[in-house]
Protein chains: 2
Amino acid sequence: MPHDHAELLKHIKADMPSDELLQDLGDLFKIFGDTTRIKIMYALYEDEMCVCAIADLLGMTQSAISHQLKVLKAANLVESRRDGKTIYYRLADEHVKSIIAQGYEHITE
Amino acid sequence: MPHDHAELLKHIKADMPSDELLQDLGDLFKIFGDTTRIKIMYALYEDEMCVCAIADLLGMTQSAISHQLKVLKAANLVESRRDGKTIYYRLADEHVKSIIAQGYEHITE
DNA sequence: GTATCATATGAACGATTGCTCATATGTTCA
DNA sequence: TGAACATATGAGCAATCGTTCATATGATAC
């Protein structure tokens, strides 16, 4: 007979956040899980930047960057403002920086 | 003529971590970017747990959990110890908790 | 109006990913 | 040794993802 952990699981289950929240959490980290998006966020670390400057910096297509910025914006990780033809992107809040910083620490320790 | 940002990029490029580190950072977050793995890490938040208990808790196959634990272990996010037939897994360090906590904050604010 | 620059977007394609299934490894107990 | 339990692993498949390409939208200047 396989061993039983009904009692243990009852307690842990009670402490777990809802499936929906855990799903959202996974979706958030999925966005950090791509080198291009990480580079974009690092590029915006100090100051806002326009799309074509980011594309130049990363040596990538304007289209590719634009697609990724859309993903980042949908997750409220970046914000944008328009100035004439140009659109400037910036990090949305401090969480972005601290999440990256924590990951950085884990890797470089 | 498209506008020029050579001067700006020179400064930002100097401040960016190496491509290799940014790749590693993306790879790390990719691991957090899956609901199953997030659930596993949450399950281990308070205490160690054996593979079959985790499988029971998440209502998933032992095989599926085992595969994911391998991924988590390869990234130094969990550690394990054997006790007889059973293998207990636990979180490897505090970074795991703080990364999750930062993500949680971003979502629930 | 037209031309040009800056950005956004939709479709398509190749690559990666997470699960399932079958099976292998490792441990305990009789 | 053999049977039962706990875990690990390899192959295969469906689904997801990131890029490219072509094209659309939007703004400015003439």
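Structure: above.
Quick caveat, the model's predicted, so the values are computed rather than measured.

Caption draft 1: Layout of the interface of chain B and chain A. Each partner contributes residues to the interface: chain B has 50 residues there, and chain A has 50 residues. Of the roughly 4400 Å² buried at the junction of chain B and chain A (both faces included), carbon and sulfur atoms supply 75%. Its largest share of buried area at the contact with chain A, chain B owes to Phe29, His95 and His106 of chain B, together 14% of the area lost on that side. For the pair chain B and chain A, the number of links is two salt bridges. Of the charged contacts in the structure, one is a salt bridge between aspartate 19 of chain B and lysine 39 of chain A, with a shortest N-O distance of 3.2 Å. Taken together, the links from chain B to chain A amount to twelve residue pairs in polar contact (both at pLDDT 80 or more).

Caption draft 2: Examining the relation of the copies chain B and chain A more closely. Overlaying chain B on chain A yields an RMSD of 0.0 Å, the required transformation being a rotation through 180° with an accompanying axial translation of 0.0 Å. Both copies are brought into coincidence by an operation consistent with a two-fold rotation axis. Take the interface residues of chain B: 100% of them recur as interface residues in chain A, which is what a same-surface contact looks like.

Caption draft 3: Here's a closer look at helix α3 (residues 35–43) of chain B. Residues and elements named next belong to chain B. By the criterion of burial, α3 is predominantly enclosed, with nine of the nine residues buried. Every buried residue of α3 is accounted for by Thr35, Thr36, Arg37, Ile38, Lys39, Ile40, Met41, Tyr42 and Ala43. Where α3 begins, the capping side chain belongs to aspartate 34, and its oxygen is found 3.1 Å from the backbone nitrogen of threonine 36.

Caption draft 4: How the structure looks around the pairing of strand β2 (residues 78–83) of chain B. Residues and elements named next belong to chain B. The pairing of β2 with strand β3 (residues 86–91) spans six bridges and is classified as antiparallel. Looking at β3, one finds that arginine 82 is bridged to isoleucine 87. What sits between the antiparallel neighbours β2 and β3 is a turn of two residues, in which glycine 84 has the positive phi angle 65°.

The rules behind these values
Residues numbered from 1 in each chain as written. Chains lettered and ligands numbered in written order. Predicted model: local features only at pLDDT ≥ 70, side-chain atom pairs only at ≥ 80, totals over all residues. Heavy atoms only, no water. Contact = heavy atoms within 4.5 Å. Buried area = accessible area lost by both parts, 1.4 Å probe. Salt bridge = Lys/Arg side-chain N within 4 Å of Asp/Glu carboxyl O. Polar contact = N/O pair within 3.5 Å; in protein donor to acceptor, adjacent residues only side chain to side chain. Least-squares fit on C-alpha atoms with pLDDT ≥ 70 in both. Buried < 20%, exposed > 50% of the residue type's maximum accessible area, 1.4 Å probe, protein only. Helix = DSSP H or I, 4+ residues; strand = E, 2+ residues; numbered from the N terminus. Pairing = 2+ DSSP bridges.

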